[in-house]
Structures are given as C-alpha cells and as structure tokens.
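Chain and residue survey
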Amino acid sequence: MDVRFRSIVLRSFAAECKESSEKGEKGENVLAHAFSPLSLPSPPATMHSIRSVLDDTTLTGTTVTVAGWVRTFRNDRFIALNDGSTVRNLQCVIDQEQVDEATRARLTTSAAVRCTGTIVESKGGGQRVEMQVSEVVVLGDSDGEKYPIQPKKHSLEFLRENAHLRFRTSTFSAVFRIRHQVSFGIHAYFDQHGYNYFHSPIITASDAEGAGEMFRVTALADTKGTDPAEDFFGRVTNLTVSGQLEAELAATALGKVYTFGPTFRAENSNTARHLAEFWMIEPEAAFMDIQGNMDLAEDLCKHLIARVLEKSMDDLQFLDGRLADEEKQKPQQQRSEMGLIDRLKFVLENPFERITYDQAIDILLRSKPYQKKQFQFPVEWGIDLQSEHERYLVEKHFNKPVIVTGYPAQIKAFYMRTNGPDDLGYSDKGPTVAAMDVLFPGIGEIIGGSQREERLDMLEARMAEMGVPTEQLWWYLDTRRFGTVPHAGFGLGLERFVQFVTGMGNIRDVIPFPRTPGNAEF
RNA sequence: UCCUCGGUAGCUCAGCUGGUUAGAGCACCUGACUGUUAAUCAGGGGGUCGCUGGUUCAAGUCCAGCCCGGGGAGCCA
C-alpha cells in the first residue's frame, strides 16, 4: 500500500475513533471497529486462487473469477494463467465470438488479466480442469517486445540480472514459496519447543566476534580523520555478523531463545554459497550441552524438511523435474543417483552421522583419494577440514548429513567450551573444543555451533590466548560471573538450507535480491 | 583476493587453422489456425561480434591491458 494512502486511512480511522468516543460509545465497540476491514475493498465472493480452483473438486461446474499473469497464450484460444498461489497454471479457454480481436491481441506474456468463467473438466490432456471463460479483462498490459522474460528456458545468470521480474518464472516462484515455508516453519518449530523469538541488534559495537570483516555504520559523510567519539553512537559501530553473544545473554535468563534476522559480512567472497547479506537463525539454550545441541540441530532440519514435503509438494515436483533435466546434461559420472524429493525423504528417514574430528581425520587418512594423492590439501591433525575433505566425508564416505564435533581449539572461536577427558570429542593429540559443524551433501556447512565456555577462568584464558579484548566484552563475561550455566547454540544459514531443499546450486538464487561484492542493483 | 573458463541479435548459442554481404532456434511484427500444452505453419525486421590499443593487405577469429559474468578455492552460515 502506498504510504500516503495508509496514513490517510489511519488518520480517518483515528478521526472515527474520536467521533465514537465523543458519542460516548463503549471502548469495545471502537476495538471491534478497529479489526473490521471496512477501509479496505473486499474481493468479490467468487474470487478464487488458482491453487484452490485446481485442487478443490467442489468448484467444478461453478462460475468463479481468477486474476493473474499470462504465462503463454496459445492458438489464439488458450491462456496459461498463473497467480503465484501455485506453480501450476490454470488453462483459461476463451471463445473467439465472445472475446474481440483487440482484447486477444493484448493477452501477451506477463499481461495481468482477470478471467471469469465456469470450471469444467478439461478436454485437453495436460490438466484435470480448465476454465471456460465468459469474461476476460486486461488489468495491465505487457509490451511483448520489451518484456525480457520469454516462455522458454532462461539461464539463471540472465534471470539474476532481471531479479525484479524473475519471481514470474516457475522456478523462482517455487523457490520463494518454499523459502516462506522454511521461514515460517522455523518460527513454528521454536515456538512449539518453548523458545522465545529474540531480536538481537543489527547495529553492534563489538568487533570481537571473529566472524569476519564487518560493514562500518556511520552517520558521518566522511570518517577520515574524525574521532569515532564524534559519530552518531559516540563509538565505532558495525552491522552485525552474528547475534550469538546477545542471544547468550538472553538465554541465561529466558532459558531458550532464538534469533532470526539478517546478518552482514563484508568479505570479498565470490562463491555460490556466500552472500554479504544473509539470514541466520541462532538458537541458544541454557542447560543444553553439545549432545543436546546436535539433537536440536538434527530435529530442526528434519522438521523443516517434513514441513516442506507436506506443504510444498507441487513446487518440489516442479523443482525435482527441473533438476532432473539439468542432470541429463551432465556426464554420467557426475549425476547423482537420487532426485530432489528422494533426497529429502532419505535425509528425513535416516539419522545424521555423528563423528569426532579425530575420527574424521582417521577416515580421510585411510581414504582412496588420500592414498592416491588426489587431495589438493594435506590431511593432518590440527588443520581445518578443507571443502574437498568435507565433500569426501559427506558425499562419498557416508552419503548423508554428517555432524563433526571436537575440533582442535586453535582453529575455532574463543567462546567454545574446552573439552576435558570425559567430554565428547576429547583428543590425546591436542586440546579440542565442543564445536559442531553440520555438513550437508552438495552444500557443505549448513550449521556451525558449539557448547559455550561457561567457566569464567577458562574463558578469560582463551580470550587472552586468542587476543580477544576482555574490556570490550565486560557484559558478555558478566553472564559467567553471575549464575553461569552450561549452555549451547548454533547458527543455521537460512539460504543454505533453502538451497538444499530446493536443489538450487547458487545461493544467489534463493534470496530475493542477493548482495554480493559489486552487486546491489535492486 | 587467487586459479580457470567465457562475453557474437532481446534470449540461448554456432562461427574450423585470420579471407566476400556474420548464421540458427526462440522472442518480436504481419498473415493463417476453435483443442493447444515452451502450440504449429508461411513471410519480415533486428548486430559498434564487452571496451581500448596493437599485429596484418585483411581481425568476431591472433596479441596486450581493462571491464563484466560463470565455475573452483580461501573466509564462513
């Protein structure tokens, strides 16, 4: 809605309230008024979504109205109409005697139209029902010569350059309906499990989180030679790279919390799995250890996959077919044996493999590619697992999601809990921490988390060791000074998860308007 | 940021070892079509071959620099 229009509606509503109260009406009447949609035009009773027309068998034989955008217009007679409610189109059949030639000429790709007609069983083979149109109104013309999206297969790169229109394609409408289901499912899952949705700040002053380069936030036109004390907040501020530290503060009072918001990284990353602006979900729970953390991560992933299978089957079927076509182009060796839907069901039905870093190194050292010297990077205890190593574990050795715990302390963040001899992931090869990475086939790291170091002396020692300034994080350390408890949490990359569920290969194709180095057009 | 591949019509791409007026399919325009499924058929318009410079009788094709994009790597979610 136009902002000015909305303010007018609000003002007139306020005026009505004033009037009502002046007339001495009861407060509840005013309230009832507030929730009635009087100020908005209601759709006609016969208006239906295309999804309901296609699925609701009781509508056959009735007259309904639908509105959407023309996908194709064939044989001067058949409109394939899509309104975004489903990936499927409604075939609207027009009678040439009822619709004049001038109107038919305006039924171009992506024109907005409203059709009224009777739902009948289709004479053609491609669909169960179709609409026998009695009236068609063009609501918005679309100049076919200038409209860039054609009824044919476009490259994803081309559609990325036309990101403002790509939602009108089957692929992208399917992806974004599924993104909605995943997002909504995350809130539903945590709500059902007693977690509080916690809004961690977007602008932060701490740059000690160690999660990468940050975007500076300033109200100054030029920061050169200016004391940060002169700036808006009186100090250096940045866009958040993680809400974790703040979530920990909340978890040590509310018990269970999760954040769900945008996160920013100013890394010069040019890959199919990195964005400068992405959405992250970070649950944090008091009295939860690394084992509980793994259980939560696995259960959440499976819950979300189950939800998408339940709510978005037609979108998944479309994406499954799209992926199968793509696979056909590849040489036989590179093809994956499972389709998208089979893959989702497989992940849902099988437990994630859980191994320690020690075991991971062991498996890699005994692997064929290692012995044939096919790995580009060395494998030895103490170094981080490279992409090729993670891929081997997930895609070759186990062929399912894998959770790796007990990484060497030196390669992980300061807040992770140091393992003792009785802890999971303890190693006699060197100090390890209660970190966990959830690795998914085709995507890599989808979740990174840990049990946090709750012991003040241990935490301070690690911060000193890693050069993290304790003065700046006095508020974080206070949680360890006053009623500290074991607690744990993780970060789930929304886009990476959506990539897995939709089978999209590039992360830029699962976020509406991707932000990457040199790219912020829309 | 590094490695690698690419940039030819609105889109997807062909154009061999330099050699006449640079091609195809789709899209678009005109016409045909009352059961099509990315409809089909006939005809038509449409190009500074990413940019700049160089080699050559001759450059889309070879060389150099720059710009942009894909894939891989690092950073991570």
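Refer to the structure above for everything that follows.
In what follows, the accompanying structure is described. Note that this is a predicted model, so its numbers are computed, not measured.

1. Some words on the pairing of strand E14 (residues 432-440)
Within E14, 9 of the 9 residues are buried, which leaves it mostly tucked inside the rest of the structure. As judged from the 6 bridges shared by strand E13 (residues 402-408) and E14, these two strands associate in the antiparallel manner. Residue pairing across strands places isoleucine 403 opposite valine 438, the latter belonging to E14. With 6 bridges connecting them, E14 and strand E15 (residues 444-451) associate as antiparallel partners. Among the inter-strand pairings, leucine 439 is bridged to a residue of E15, identified as glutamate 445.

2. Details of the protein's contact with RNA strand B
Lys152, Arg265, Thr271, His274 and Arg496 are the nearest of the 51 residues found near RNA strand B. The sugar and phosphate moieties of RNA strand B supply 46% of its atoms located within 4 Å of the protein. One of the side-chain N or O atoms of glutamine 127 is found 3.3 Å from a base oxygen in RNA strand B. Note that a phosphate oxygen of RNA strand B is positioned 3.1 Å from one of the side-chain N or O atoms of arginine 508. Among the elements of the structure, strand E1 (63-74), helix H5 (156-161), strand E11 (277-286), E15 and strand E16 (487-493) are those that each provide at least two residues to the surface near RNA strand B. When residues of the surface near RNA strand B are assigned to their parent elements, the largest contribution, 4 residues, is made by E15. Broken down by class, the residue content of the surface near RNA strand B amounts to 11 nonpolar, 23 polar and 17 charged.

3. Comments concerning the nonpolar core
Core analysis: the biggest nonpolar cluster contains 62 residues, and Val182, Phe190, Leu316, Ile446, Ile447, Phe497 and Phe500 have the highest contact counts within it. Non-local contacts of isoleucine 446, meaning those with residues more than four positions away in its chain, are made with Val438, Phe440, Gly491, Leu492, Gly493, Arg496, Phe497 and Phe500. Core analysis: the next-biggest nonpolar cluster, separate from the first, contains 31 residues, Val402, Val404, Met416 and Ala435 among them.

4. As for the packing of helix H6 (residues 170-192) against helix H8 (residues 290-311)
In helix packing, the relevant descriptors are the interaxial angle and the interaxial distance, both defined with respect to the helix axes. Contact geometry for H6 and H8: axes closest at 9 Å, N-to-C directions at 130 degrees. Here H8 runs oblique to H6, going by the angle between their axes. Considering the relative orientation of H6 and H8, their crossing is right-handed. Where H6 approaches H8, its residues Ile178, Gln181, Val182, Phe184, Gly185, Ile186, Ala188, Tyr189, Phe190 and Gln192 are matched on the opposing element by Leu296, Asp299, Leu300, His303, Leu304, Arg307, Val308 and Lys311.

5. With respect to empty space enclosed by the protein
One pass over the structure, following the stated rule, counts 1 cavity of 30 Å³ or more. If you add up the space inside the largest cavity, you get close to 30 Å³. In terms of lining residues, the largest cavity is bounded by Arg265, Glu267, Ser269, His274, Leu275, Ala276, Arg515, Thr516 and Pro517. Classifying every residue of the lining of the largest cavity by side-chain character gives 3 nonpolar, 3 polar and 3 charged.

6. A look at unusual backbone geometry
In this model, serine 110 sits at a positive phi of 75 degrees, which is unusual for a non-glycine residue. Of note, serine 110 is situated in the loop between helix H4 (101-105) and strand E4 (112-121). Exposure remark for serine 110: the relative accessible area of 7% places this residue in the buried category. In this structure, lysine 373 takes a positive phi of about 55 degrees despite not being glycine. Relative to the elements of secondary structure, lysine 373 occurs in the loop between helix H12 (368-371) and helix H13 (387-398). With a relative accessible area of 73%, lysine 373 lands in the exposed category.

Rules and cut-offs
- Residues numbered from 1 in each chain as written.
- Chains lettered and ligands numbered in written order.
- Predicted model: local features only at pLDDT ≥ 70, side-chain atom pairs only at ≥ 80, totals over all residues.
- Heavy atoms only, no water.
- Buried < 20%, exposed > 50% of the residue type's maximum accessible area, 1.4 Å probe, protein only.
- Helix = DSSP H or I, 4+ residues; strand = E, 2+ residues; numbered from the N terminus.
- Pairing = 2+ DSSP bridges.
- Near = heavy atom within 4 Å.
- Polar contact = N/O pair within 3.5 Å; in protein donor to acceptor, adjacent residues only side chain to side chain.
- Nonpolar A, V, L, I, M, F, W, Y, C, P; charged D, E, K, R; others polar.
- Core = buried A, V, L, I, M, F, W, Y, C linked by side-chain atoms within 4.5 Å.
- Contact = heavy atoms within 4.5 Å.
- Axes fitted to C-alpha atoms, helices over the stretch in contact; angles between N-to-C directions.
- Parallel < 35°, antiparallel > 145°, perpendicular 65-115°, else oblique.
- Left-handed = near helix turned anticlockwise from the far one by under 90°.
- 1 Å grid on protein atoms, 1.4 Å probe; cavity = no way out; pocket = protein on both sides within 12 Å on 5 of 7 lines; lining within 4 Å.
- Points joined across faces, edges and corners; volume = space filled by probe spheres on them.

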